[in-house]
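Chain residues, written in single-letter form:
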Amino acid sequence: MTKTDADAPLHLQPYAPAARAAEKIFETARDLFYREGIRAVGVDEIVSKAGVTKPSLYRSFKSKDDLVAAVLREVEEGFWDRFRSAEDAFPGDPKAQMVAYFEGLAARSVGDDYRGCALSNAAVEYPDRQHVGRMVSQAHKEDLRQRLRAKAAEMGASDPASLGDAFLLLIEGVFTSSQMFDGDDKPAKACVGAARALIAAYC
């Protein structure tokens, strides 16, 4: 980590653990946070399941909040990787890009171990806007909202801001509803048709 990175706010610092112990801690925390919720998982459980000592955790991460920030930043990177994959599949065609993104989201949401978006979950867990978990999540969602509005403008939408916000609400609806219903018949599967209908209505 450069001096500039180290001086940045915690929620903007990049994830860069150096040692294998740090990687094990990170991977264990990431899985536990997603399955059980961030606040429900303590440092003792993380180090126990990672098979490392508590000093190892604090050598790599200054605090649990530091670890939370690192995990959520990686989650964000994964989100944008998937978003860019949909864009790359249909260069120059923003309508097809958004449909492709929703197709991928619908496919992921039916998995038995799918618990929605870790960033959305963190925002719910931490109502305090000054908590690092909320700050990472809030910044990501604000960025996503602007990108979706920009995508709607690329489509030539009559009201890009409203269409972008409708996409955002649809995405968050998938994240939430997928955790409430079991089996293959989840309402989240309807998001592809809904996205197409929104595009047709606005464009």
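What counts, and at which threshold
Residues numbered from 1 in each chain as written. Predicted model: local features only at pLDDT ≥ 70, side-chain atom pairs only at ≥ 80, totals over all residues. Heavy atoms only, no water. Helix = DSSP H or I, 4+ residues; strand = E, 2+ residues; numbered from the N terminus. Rg over C-alpha atoms; globule rule 2.2 N^0.38 Å. Axes fitted to C-alpha atoms, helices over the stretch in contact; angles between N-to-C directions. Parallel < 35°, antiparallel > 145°, perpendicular 65-115°, else oblique. Left-handed = near helix turned anticlockwise from the far one by under 90°. Contact = heavy atoms within 4.5 Å. Nonpolar A, V, L, I, M, F, W, Y, C, P; charged D, E, K, R; others polar. Phe/Tyr/Trp six-rings, centres within 6.5 Å; stacked < 30°, edge-to-face > 60°. Buried < 20%, exposed > 50% of the residue type's maximum accessible area, 1.4 Å probe, protein only. Lys NZ or Arg CZ within 6 Å of the ring centre and 35° of its normal. UniProt positions renumbered as here; feature names shortened; annotations may be inferred. Disulfide = S-S within 2.5 Å. Core = buried A, V, L, I, M, F, W, Y, C linked by side-chain atoms within 4.5 Å. 1 Å grid on protein atoms, 1.4 Å probe; cavity = no way out; pocket = protein on both sides within 12 Å on 5 of 7 lines; lining within 4 Å. Points joined across faces, edges and corners; volume = space filled by probe spheres on them.

With that settled, the discussion passes to the overall build of the protein chain. The secondary structure content of the protein chain amounts to 10 helices and 0 strands. Listing every helix and strand of the protein chain by position from the N terminus yields α-α-α-α-α-α-α-α-α-α. The C-alpha atoms of the protein chain give 18 Å as radius of gyration, which agrees with the globular expectation for 203 residues (17 Å, within 12%). Over its C-alpha atoms, taken along the principal directions, the protein chain stretches across nearly 55 × 45 × 30 Å.

With that settled, the discussion passes to the packing of helix H5 (residues 64–89) against helix H8 (residues 132–155). Any two packed helices are characterised by how steeply their axes cross, that is the angle between the axes, and by the distance between the axes. Where H5 contacts H8, the axes come no closer than 8 Å and their chain directions differ by 15°. On the basis of the axis angle, H5 is roughly parallel to H8. Along this stretch, H5 crosses H8, giving a crossing that reads as right-handed. Contacts between H5 and H8 involve Asp65, Val68, Ala69, Leu72, Arg73, Glu76, Phe79, Trp80, Phe83 and Glu87 from the first element and Val132, Gly133, Val136, Ser137, His140, Asp143, Leu144, Arg147, Leu148 and Lys151 from the second. Split into classes, the residues belonging to the contact of H5 with H8 amount to 10 nonpolar, 3 polar and 7 charged.

As a further point, take the environment of valine 52. Assignment of secondary structure puts valine 52 in the loop between helix H3 (43–50) and helix H4 (54–60). In contact with valine 52, not counting residues within four places along its chain, are Ala21, Lys24, Ile25 and Val47.

A word on the packing of aromatic side chains. Under the criterion given, the structure shown has 7 aromatic pairs. When the ring of tyrosine 101 is compared with that of phenylalanine 102, the centres are 5.7 Å apart and the planes differ by 75°; the resulting orientation is edge-to-face. Assessed through its relative accessible area of 3%, tyrosine 101 is described here as buried. Consider the rings of phenylalanine 102 and phenylalanine 167, whose centres lie 6.0 Å apart with planes at 45°: the pair is tilted. Placement of phenylalanine 102 in helix H6 (residues 94–109) and of phenylalanine 167 in helix H9 (residues 160–177) is noted, with a sequence separation of 65 residues between them. Phenylalanine 167 gets classed as buried once you look at its relative accessible area, which sits at 0%. Three or more aromatic residues joined by ring pairs form one cluster here, namely Phe79, Trp80, Phe83, Tyr101, Phe102 and Phe167. Positioned over the ring face of tryptophan 80 is arginine 147, at 3.7 Å from the centre of the ring.

Let us look at the UniProt feature "DNA-binding region" (unreviewed entry) in the protein chain. Within this numbering scheme, the UniProt entry marks residues 42–61 as carrying the feature "DNA-binding region" (unreviewed entry). For the annotated span residues 42–61, helix accounts for 75% and strand for 0% of the residues, and the straight-line distance between the end C-alpha atoms is 14 Å.

On to the state of the cysteines, then. According to the stated counting rule, one finds 0 disulfides in the structure shown. Cysteine 117 provides the cysteine sulfur closest to cysteine 191, a residue in no disulfide bond, and the two sulfurs are 14 Å apart. Cysteine 203 carries a free sulfur, and the closest cysteine sulfur to it, the one in cysteine 191, is 17 Å from it. For cysteine 203, a relative accessible area of 37% puts it in the partly exposed group.

With that settled, the discussion passes to the nonpolar core. In terms of nonpolar packing, the biggest core is built from 56 residues, with Phe33, Ile46, Leu67, Tyr101 and Phe102 touching the most fellow members. Elements with a minimum of two residues in this core: helix H2 (20–36), H3, H5, H6, helix H7 (118–125), H8, H9 and helix H10 (191–202). When residues of this core are assigned to their parent elements, the largest contribution, 10 residues, is made by H5. For phenylalanine 102, the contacting residues outside a window of four places in its chain are Phe167, Leu170, Ile171, Cys191, Val192 and Ala195.

What follows is about the environment of serine 48. With respect to the helices, strands and loops of the structure, serine 48 is situated in helix H3. Taking the C-alpha atoms as reference points, serine 48 and isoleucine 25, separated by 23 residues in sequence, lie 9.5 Å from one another.

Glancing now at the layout of surface pockets. Taken as a whole, the largest pocket encloses approximately 600 Å³ of empty space. What lines the largest pocket is a set of 33 residues, among which Tyr34, Val75, Gly116, Cys117 and Ala118 lie closest to the centre. For the lining of the largest pocket, the secondary structure elements donating two or more residues are H2, H5, H6, H7 and H9. Per-element tally for the lining of the largest pocket: the top contributor is H5, with 8 residues.

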